[in-house]
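Given next are the chains, with one letter for each unit.
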Amino acid sequence: MIKAGIIGATGYAGGELVRLLTGHKNTEVIWYGSRSYIDKKYAEVYQNMFRIVEEKCLDDNMEELADQADVIFTATPQGFCASMMKEEILAKTKLIDLSADYRIKDVNVYEKWYGIEHKSPQFIKEAVYGLCEVNRDDIRKARLVANPGCYTTCSILTAYPLAKEGLIDMSTLIIDAKSGTSGAGRGAKVSNLYCEVNENIKAYGVAAHRHTPEIEEQLGYAAQEKVVLNFTPHLVPMNRGILVTEYASLKKRVTYEDVKAVYDKYYGKEYFIRFLEEGVYPETKWVEGSNYVDINVKLDPRTNRIIMMGAIDNLVKGAAGQAVQNMNLMFGLPESEGLKLVPMFP
């Protein structure tokens, strides 16, 4: 059995990790870390775990946890993992960080967009960007994985094959994204109150959202060029889900069949990526509670543009599910172990 510890187990992503790992036949959760609820029973924080998880919440002592766990998940705010990271920890255990601390390879870019000093930049080069469908082989050998962000996972995977094949003009790429409120975390904020969110939709982080450089960097690797794009996220009144709609000019005339062949080339054997039937477009309700990514495209000959659409559950494929997928790769398990989740409906 893989002994797993979770630091930040009482946030939404941490809670989802607990749910998934509790049902994982090869894993035992030995540490439910939560600075806010030390010594409180985990099931008192999340009542859905009543008579399922009996343990109490512990602190966030990563050094002590490294002596006990085979893998540590850090579902913590930006800066925490970087401030705790030491070679002594990675010498004892593997680590999957759900924050942005090791996602961006240029430390100056990270510090600019996140507004904090990086406390352990010496580990940035080693960290593997944990987008399984793209970096699978490197993840298998990694001891430190940077789990991608939710918006970034959906945005990158939706455009990746076309960027990789050079079919779209990357300078024209625009990403419009919408997310449920769980993406903002469990902390109490006025802007996330029911009366603020319900019957409303709003753009935020316009031209300044911190997932922008992460998307640019990864799509830049795919296209083998520097990518600068517009990314605009929106908050919608639902619990879970992300829908991205991406627009780009085509470099040459193509048919839908041509484009589908490109997606099949990269995703045809991927368990968690579903390229939909022609004319059927992704909806968040069809991936809710699952680790699937639904993708489709629409060609617009009138403007010589292609419209790419993708949908994920932000807490599963966008966070905890992808983290478990990374863990499976790191420990040589079937990639889908513990993640064959049928989407919930309604």
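Here, every reference points to the structure presented above.
Notes on the structure follow. What you are looking at is a predicted structure, and each value in this text was computed from that prediction instead of being measured. (Residues numbered from 1 in each chain as written. Predicted model: local features only at pLDDT ≥ 70, side-chain atom pairs only at ≥ 80, totals over all residues. Heavy atoms only, no water.)

## Looking at the sheet that holds strand β2 (residues 27-33)
Taken in spatial order, the six strands make up an open sheet running β2-β1-β3-β4-β6-β5, and their pairing is parallel. On the outer flanks of this sheet lie β2 and β5 (128-129), each paired with one strand and no other. (Pairing = 2+ DSSP bridges. Helix = DSSP H or I, 4+ residues; strand = E, 2+ residues; numbered from the N terminus.)

## Some thoughts on the packing of aromatic side chains
The full count for this structure, using the stated rule, is twelve aromatic pairs. A ring pair is formed by Tyr151 and Phe231, whose centres lie 5.3 Å apart and whose planes are at 75 degrees; its orientation type is edge-to-face. Residue Tyr151 is found in helix α8 (residues 150-164), and its partner Phe231 is found in strand β9 (residues 230-235); the two are separated by 80 residues along the sequence. Like Tyr151, the residue Phe231 is buried in the burial classification. One aromatic cluster is present, built from ring pairs that chain together Tyr256, Tyr263, Tyr267 and Phe275. One cation-aromatic arrangement involves Lys94 over Phe331; the distance from NZ or CZ to the ring centre is 5.7 Å. We note Arg274 situated over the ring of Tyr292; from NZ or CZ to the ring centre the distance is 4.3 Å. (Phe/Tyr/Trp six-rings, centres within 6.5 Å; stacked < 30°, edge-to-face > 60°. Buried < 20%, exposed > 50% of the residue type's maximum accessible area, 1.4 Å probe, protein only. Lys NZ or Arg CZ within 6 Å of the ring centre and 35° of its normal.)

## Some details on the sheet that holds strand β7 (residues 174-179)
Spatially, the seven strands line up as an open sheet ordered β8-β9-β7-β10-β13-β12-β11, and their pairing is mixed. Here the strands that pair on one side only, and so sit at the sheet edges, are β8 (202-203) and β11 (273-275). Pairing geometry for β11 and strand β12 (residues 293-300), over three bridges, is parallel. By the bridge assignment, Arg274 is partnered in β12 with Asp294. On the sheet, α8 packs against β7, β9, β10 (242-249), β11, β12 and β13 (305-312) and is oriented at approximately 140 degrees with respect to β13. (Contact = heavy atoms within 4.5 Å. Axes fitted to C-alpha atoms, helices over the stretch in contact; angles between N-to-C directions.)

## A closer look at helix α6 (residues 107-114)
The N-terminus of α6 is capped by Asp106, whose side-chain oxygen sits 2.9 Å from the backbone nitrogen of Asn108. A positive backbone phi angle near 70 degrees is found at Gly115, which sits one or two residues after α6. (Polar contact = N/O pair within 3.5 Å; in protein donor to acceptor, adjacent residues only side chain to side chain.)

## Thoughts on the pairing of strand β4 (residues 94-97)
Sheet analysis places strand β3 (residues 71-74) next to β4, joined by four bridges and oriented parallel. Its bridge partner being in β4, Ile72 is matched across the sheet by Leu95. Pairing between β4 and strand β6 (residues 144-146): three bridges, direction parallel. Residue pairing across strands places Ile96 opposite Val145, the latter belonging to β6.

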